[in-house]
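One-letter residues, chain by chain:
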Amino acid sequence: MKIAPFQLERYFAKHEFSARYLLSSSDCEALSMQELLALADGEMQRSWEELKLGYTETLGHPLLRGAIAELYEGIEAQDVLVVVPEEGIFLLVHALLEPGDHVICTFPAYQSLYEVARSIGCDVSTWEPDEERGWCFDVADLAEKMRANTRLVVVNFPHNPTGYVPPRKDFEALVELVRQRGAYLLSDEMYRFLEVEEGTTLPAACELYERAFSLFGLSKTFGLPGLRIGWLTSRDSAVLERVSELKDYTTICSSAPSEILAVVALRGRSAIIRRQVERVRRNVGALDTFFDAYQDCISWNRPVGGSVCFPRMLAVENTFAFCEELVAETGIMLVPSRAFQFGDHHVRVGFGRENLPGVIERFAGYLDRRFR
């Protein structure tokens, strides 16, 4: 298969483990093994201690699929397929699409959401937001992009990298539009439950539409990216079966320890999510103060959900060059918008980590030295 390099991941590969301060991470503060196991009930403590490191079920451990189903209304364990999150995108796109199909995707976006479809010969259109309206995605714009051969619409809310979350009525209108056109819907919901503004959590797409596929996992909201556990949820059993068949050519099954730890996390989700939400809201408060003080250098739209935002740099002409200089001089890693194939005027800021206030202070010092 010929596919373009994943620019965001290549940028992280270059800097993530050498930069001293990460200001663009999309995940939340990771839990330690000790913190996670402290949440285990008696059943899962025994499961962990007695675990044999053999193969696991392709669809996912029954206890894990059951725990995942509890996150949704009207969804049963049979509607869940456990995957590595990135793998879920790759396999679903290959299960659904043929060369020549039309695909629409929110943009800027995590590159695999549109690049995999493009690599197999699909015609991909981008649905872009209005920065002046708080990165709003207008459903009327999406309707204009729909064609007779539109087979798949791909959306991502809370949105990476802008942090935008549409009002519920707009999201429901989006789902209804896709239903009327008879297309499939892939809804990347990796930041679900991590809403900065209270009361903005959207229903899962799989709850609203029988041809929708909700992608979620433990990497972002739960702060457990090292487990590599995610899932696709849908009431379309035929397509899920096809995805599971394709999975035989990729991971086949998940890591046994990861699955048990994932059940622990999902059963303890209230405590984990509460802690992460408190942190992102606290950090957004720190960003409020920072962006207020540096309006001459940076402008931003305050995120509604997730753990990332996408401010515009006002004092530089090329954010790629700026980010390369920043990491070289200060050890602070920022991701330029070029990594999202979205020009050279923005950067992605991640605010899910505990050390954000200290990193912001260092970044402010650099801006002072360079521009003031």
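Residues numbered from 1 in each chain as written. Predicted model: local features only at pLDDT ≥ 70, side-chain atom pairs only at ≥ 80, totals over all residues. Heavy atoms only, no water.

Undergrad: Any chance you could explain the overall build of the protein here in plain terms?
TA: The number of helices and strands found in the protein is 14 helices and 14 strands. Taking 372 residues into account, the globule formula puts the C-alpha radius of gyration at 21 Å, and the protein, at 20 Å, falls close to it. A principal-axis box enclosing the C-alpha atoms of the protein has dimensions of 60 × 55 × 40 Å. In the protein, which comprises 372 residues, the proportion classed as buried is 57%. Of the accessible surface of the protein, which amounts to about 15400 Å², a share of 48% is contributed by carbon and sulfur atoms. (Helix = DSSP H or I, 4+ residues; strand = E, 2+ residues; numbered from the N terminus. Rg over C-alpha atoms; globule rule 2.2 N^0.38 Å. Buried < 20%, exposed > 50% of the residue type's maximum accessible area, 1.4 Å probe, protein only. Areas by Shrake-Rupley, 256 points an atom, 1.4 Å probe, with all protein chains shown as cover.)

Undergrad: Just to check I follow, could you spell out the side chain of Ser125 for this structure?
TA: On the secondary structure map, Ser125 appears in strand β4 (residues 123-127). Exposure remark for Ser125: the relative accessible area of 14% places this residue in the buried category. In this view, Ser125 contacts His102, Val103, Ile104, Cys105 and Arg147; residues no more than four positions away in its chain are not counted. (Contact = heavy atoms within 4.5 Å.)

Undergrad: I'm lost on the sheet that holds strand β2 (residues 80-83) in this one. Help?
TA: Backbone hydrogen bonds hold the strands of a sheet together, and the pairing may be parallel or antiparallel. Overall, mixed pairing links the seven strands, which are arranged β2-β8-β7-β6-β5-β3-β4 in an open sheet. Both edges of this open sheet fall to β2 and β4, since each of them pairs with a single strand only. Geometrically, the sheet is characterised by an average inter-axis angle of 20° between neighbouring strands, direction not taken into account. In terms of strand pairing, strand β7 (residues 212-217) meets strand β8 (residues 230-233) through four bridges, oriented antiparallel. Residue Gly217 lies in a different strand from β8, and its bridge partner there is Gly230. (Pairing = 2+ DSSP bridges. Axes fitted to C-alpha atoms, helices over the stretch in contact; angles between N-to-C directions.)

Undergrad: Honestly, the packing of helix α13 (residues 319-330) against helix α14 (residues 356-371) in this entry has me stumped. Any pointers?
TA: The geometry of a pair of packed helices is captured by two quantities: the angle between their axes and the separation between those axes. Orientation of α13 relative to α14, taken along the N-to-C sense of each, is 110°, at an axis distance of 12 Å. Taken together, the axes of α13 and α14 are roughly perpendicular relative to one another. For the element pair α13 and α14, the recorded crossing hand is right-handed. Within the contact between the two elements, α13 uses Phe322, Glu325, Leu326, Glu329 and Thr330 and α14 uses Phe363, Tyr366, Leu367, Arg369, Arg370 and Phe371. Here the residues of the contact of α13 with α14 sort into six nonpolar, one polar and four charged. (Parallel < 35°, antiparallel > 145°, perpendicular 65-115°, else oblique. Left-handed = near helix turned anticlockwise from the far one by under 90°. Nonpolar A, V, L, I, M, F, W, Y, C, P; charged D, E, K, R; others polar.)

Undergrad: For this particular structure, what's the right way to read the packing of helix α1 (residues 7-15) against α13?
TA: Put simply, α1 and α13 touch, their axes get as near as 12 Å, and they point 20° apart. One finds that α1 runs roughly parallel with respect to α13. Between α1 and α13 lies a crossing whose hand is right-handed. Between α1 and α13, the contacting residues are Tyr11, Lys14 and His15 on the first element and Phe320, Cys323, Glu324 and Val327 on the second.

Undergrad: Sorry, what's going on with the sheet that holds strand β13 (residues 335-336) here?
TA: Spatially, three strands are ordered β10-β14-β13 in an open sheet, and the strand pairing comes out antiparallel. The outermost strands of the open sheet, each flanked by one partner alone, are β10 (308-309) and β13.

Undergrad: Sorry, what's going on with the environment of Cys297 here?
TA: Along the chain, the position of Cys297 falls in the loop between α12 (269-293) and β9 (298-299). What makes Cys297 buried here is its relative accessible area of 1%.

Undergrad: Help me understand unusual backbone geometry in this model?
TA: Trans is the prevailing form of peptide bonds, just as negative phi is the prevailing case for residues other than glycine. Residue Pro108 is reached from Phe107 by a cis peptide bond, and omega for that bond is 5°. Relative to the helices and strands, Pro108 resides in the loop between β3 (102-106) and α6 (112-119). Across the junction of Asn160 and Pro161, the peptide omega takes the value 25°, indicating a cis bond. Topologically, Pro161 is positioned in the loop between β5 (150-156) and α8 (168-181). Positive phi outside glycine occurs at Trp135, with the angle close to 65°. Relative to the helices and strands, Trp135 resides in the loop between β4 and α7 (139-145).

Undergrad: Any chance you could explain α12 here in plain terms?
TA: Because an α-helix packs 3.6 residues into every turn, residues spaced three or four apart end up facing the same way. Over its 25 residues, α12 extends 36 Å from the first C-alpha to the last, a length consistent with the 36 Å expected when each residue adds 1.5 Å. Among the residues of α12, those classed as buried are Ile272, Ile273, Gln276, Val277, Arg279, Val280, Asn283, Val284, Leu287, Phe290 and Phe291. Its buried side turned inward, α12 meets α2 (33-37), α11 (256-267), β9, β10, β14 (347-350) and α14. (Expected span 1.5 Å × (residues − 1).)

The values are spatial; any link to function lies outside them.
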